[in-house]
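Spelled out, the chains give:
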Amino acid sequence: MEEQPNRPTWSKQIEFTLAGIGCAVGLGNIWRFPYLCYRSGGGAFLVPYLLMLFVLGIPLLHMELTVGQYTRRGPVHALAIVCPLFKGVGMASVAISFIMCTYYNLVITWALYYLFSSFQAPLPWQTCNNTWNTPNCTDHATNSSYSSTASQEFFKYRMLQQTSGVDEIGTIRMELCLLLILAWILIYLCIFKGVKSTGKVVYFTALFPYVILIALLINNAQLPGALEGIKFFILPKWEKLLSLEVWVNAAAQIFNSIGIGFGSLMAMSSYNSFHNNVLKDTLTISIINSLTSILAGFVIFSAFGYMSYLQGIPVTDLAVDGPGLVYVVYPQAFANMPVAQLWAVLFFLMLLCLGLDSEFAMVEVLVTSLLDEFNQKLLQIFRWKELLVLAVCGAAFIIGIPCVMEGGIYVFQLMDHYTAIVSIMFLAFFEVIAICWIYGVKQLSSNLEEMTGKRPNVFFRACWLVIAPPLITVILIFSIIQFKPARYEDYVFPPWAQGIGWVIAMASIIWIPLAAFHTLWLLPGSFMQRLKLSITPYALSNIPKMPYYERGGNHGDQDKNVISLHNYLPEKPPVEAEF
């Protein structure tokens, strides 16, 4: 491995903790968690959710932070060190993070659009007296499928100018394109100096959303009908716990919310000081992430109760799903609140902060991995790291342009479905197998003891060895069994679009088998010797530069194929020497 001298570290350890919280806490806490509670029995969902937090979320986050901090490398090199055979998992996590950052920034673009629109009086989604409204528009929502609210029509016909399907991609929405450029400028200004600049920004972006959430909860709790919505959230429907889907969804929500498998937190932890107390960061990030989801649940369900009161229908009959929850249902509630503009501005500013934190992490994974692998070469080309970050942001912006076209919502939905749902479960499965079973709990415990002076307790060792791998396997199998083709509302994507979706999914997954073949090709000896080396930590780090025939090729003297394996197995990982 190419050494990276003078690797920067966080100025203060609290900066990593805040960055980790910002990475884990995102828009999924605001819309995905409440939606799962809504359809999974309200308070009953909290039982499997909290159980999965303690047996899956916390142990696996502890595992990732330990590996990142010990190796002091991003996910590509970290996985290549601990398990060369599965180094492709690290490459896949970089690929999936880059793909996600190209379309996830669209959510920030929408937040900017709504933020600027919130300064108008009345709010543009408050009435149907606008040029984009249809005859079916109604100022007050009903349970009729033949009418649409002013909020729905603002999202669909004003901001998106949505076409009828992915076949009609339309033209570029210049307003959204300019806002997308602004979003990438904000991202660049926050990360171009690496952890030195990101560490300062997260003081605001990670903490400000909590101020807004608490203020919204205080305001919402005073609205008529809010108590009914909160009751729906906290009172369990125990019969829902008999459904396997509810338990799998709880595990998947913990998994995706914390970001296991994305490589973001592993990359961030690689900038920690070597002796940092990684357990403290693990508990802080994971517990605050889940508490944020529960706090957001109270905020969102109090608004549901208010909407239920205004519409005269039960909370169970509200139309709630995905982005529509944040950009349709909640803005509709704002329109009827006192001082509507103030609450709208604060809410969308909060969404902007949540989106920026998650975007920081995804871009940082790619930048960290590129510098780990090609540090000297990249600096020769770009001269400064700042120009490399600019090139990454520019490339991601260009790839994301189809998302700001009139049919962009379909592109967004297609990419999200095949990336966040399909790809991530495969990555997580192979990562857990590589670290927990092949690298081994014993070695991982020794690494932790070397850094902190303490070995993990029996709970963590049991979760890593016995609980996490089978549980991830069950989630993966269930995800495959219940997999459904991508759709947006009632629109089902045509077969050719589904095919493109699978290409997008394979763009990350394919690195796992390709890298495995590459590792076996690089290593010396017979096939069994190569296989043994491929699951040996640091094996790739100790390969001398040899001619092809000395790597087990068919050319040259046959005696040269006899390789002494102990030459490639260090007695102790050369941590101090390399890092």
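Here the structure is a predicted model, which is why all the values come from computation and not from measurement. (Residues numbered from 1 in each chain as written. Predicted model: local features only at pLDDT ≥ 70, side-chain atom pairs only at ≥ 80, totals over all residues. Heavy atoms only, no water.)

## Looking at the nonpolar core
Line of reasoning, step 1. Ranked by size, the top nonpolar core spans 197 residues in total, and within it Leu56, Trp110, Tyr327 and Leu351 carry the most contacts.
Line of reasoning, step 2. In terms of residues, this core owes the most to one element, helix α17 (residues 408-452), which gives 24 residues.
Line of reasoning, step 3. In terms of nonpolar packing, the next biggest core, distinct from the first, is built from five residues, Ala80, Leu523, Ala539 and Leu540 among them. (Core = buried A, V, L, I, M, F, W, Y, C linked by side-chain atoms within 4.5 Å. Buried < 20%, exposed > 50% of the residue type's maximum accessible area, 1.4 Å probe, protein only. Helix = DSSP H or I, 4+ residues; strand = E, 2+ residues; numbered from the N terminus.)

## Quick notes on the UniProt feature "binding site: Na(+)" (unreviewed entry) in the protein chain
Line of reasoning, step 1. Those places that UniProt annotates as "binding site: Na(+)" (unreviewed entry) correspond, in this numbering, to Gly22, Ala24, Val25, Asn29, Ser257, Asn289, Leu354, Asp357 and Ser358. A maximum C-alpha distance of 13.0 Å among these annotated residues, which run over 337 residues, shows that they cluster at one spot.
Line of reasoning, step 2. Here Gly22 lies in helix α1 (residues 13-24).
Line of reasoning, step 3. Ignoring any residue separated from it by four or fewer positions in sequence, one finds Gly22 in contact with Ala206, Asp357 and Ser358.
Line of reasoning, step 4. Take Val25: it is sitting in the loop between α1 and α2 (27-39).
Line of reasoning, step 5. Apart from the residues lying within four places of it in its own chain, the contact partners of Val25 are Tyr210, Asn289, Thr292, Leu354 and Ser358. (UniProt positions renumbered as here; feature names shortened; annotations may be inferred. Contact = heavy atoms within 4.5 Å.)

## What to know about the packing of aromatic side chains
Two measures describe an aromatic ring pair: the distance that separates the ring centres and the angle between the ring planes.
Line of reasoning, step 1. Taken as a whole and judged by the stated rule, the model has 44 aromatic pairs.
Line of reasoning, step 2. Taking the centre distance of 5.1 Å and the plane angle of 45° together, the rings of Tyr114 and Trp125 count as tilted. Residue Tyr114 is found in helix α5 (residues 87-117), and its partner Trp125 is found in the loop between α5 and β1 (137-138); the two are separated by 11 residues along the sequence.
Line of reasoning, step 3. Tyr114 gets classed as buried once you look at its relative accessible area, which sits at 0%.
Line of reasoning, step 4. Residue Trp125 is classed as buried on the basis of its relative accessible area, which comes to 2%.
Line of reasoning, step 5. Ring centres of Phe460 and Trp464 lie 6.0 Å apart, and the angle between their planes is 40°; this geometry places the pair in the tilted category. (Phe/Tyr/Trp six-rings, centres within 6.5 Å; stacked < 30°, edge-to-face > 60°.)

## Remarks on the state of the cysteines
Line of reasoning, step 1. Tallied over the full model, the rule gives one disulfide.
Line of reasoning, step 2. Each sulfur of the disulfide joining Cys128 and Cys137 lies 1.9 Å from the other. Classification of the bridge connecting Cys128 and Cys137 rests on its S-S torsion, roughly -75°, and on that basis the disulfide is left-handed.
Line of reasoning, step 3. With no disulfide of its own, Cys101 has Cys393 as its nearest cysteine by sulfur position, at a separation of 7.9 Å.
Line of reasoning, step 4. Taking the relative accessible area as the measure of exposure, Cys101 reaches 1% and is therefore buried. (Disulfide = S-S within 2.5 Å.)

## Considering the side chain of Thr282
Line of reasoning, step 1. Within the secondary structure, Thr282 sits in helix α13 (residues 278-311).
Line of reasoning, step 2. Given a relative accessible area of 0%, Thr282 falls into the buried group.
Line of reasoning, step 3. Once residues within four sequence positions are removed from consideration, Thr282 is found in contact with Ile58, Leu61, His62 and Leu65.

## Overview of the environment of Lys87
Line of reasoning, step 1. Considering the arrangement of structural elements, one finds Lys87 in helix α5.
Line of reasoning, step 2. A C-alpha to C-alpha distance of 9.6 Å links Lys87 and Pro513, two positions 426 residues apart in sequence.
Line of reasoning, step 3. Every residue in contact with Lys87, bar those within four places of it in the chain, is listed here: Val76, Leu79, Ala80, Ala515, His518, Thr519, Leu522 and Leu540.

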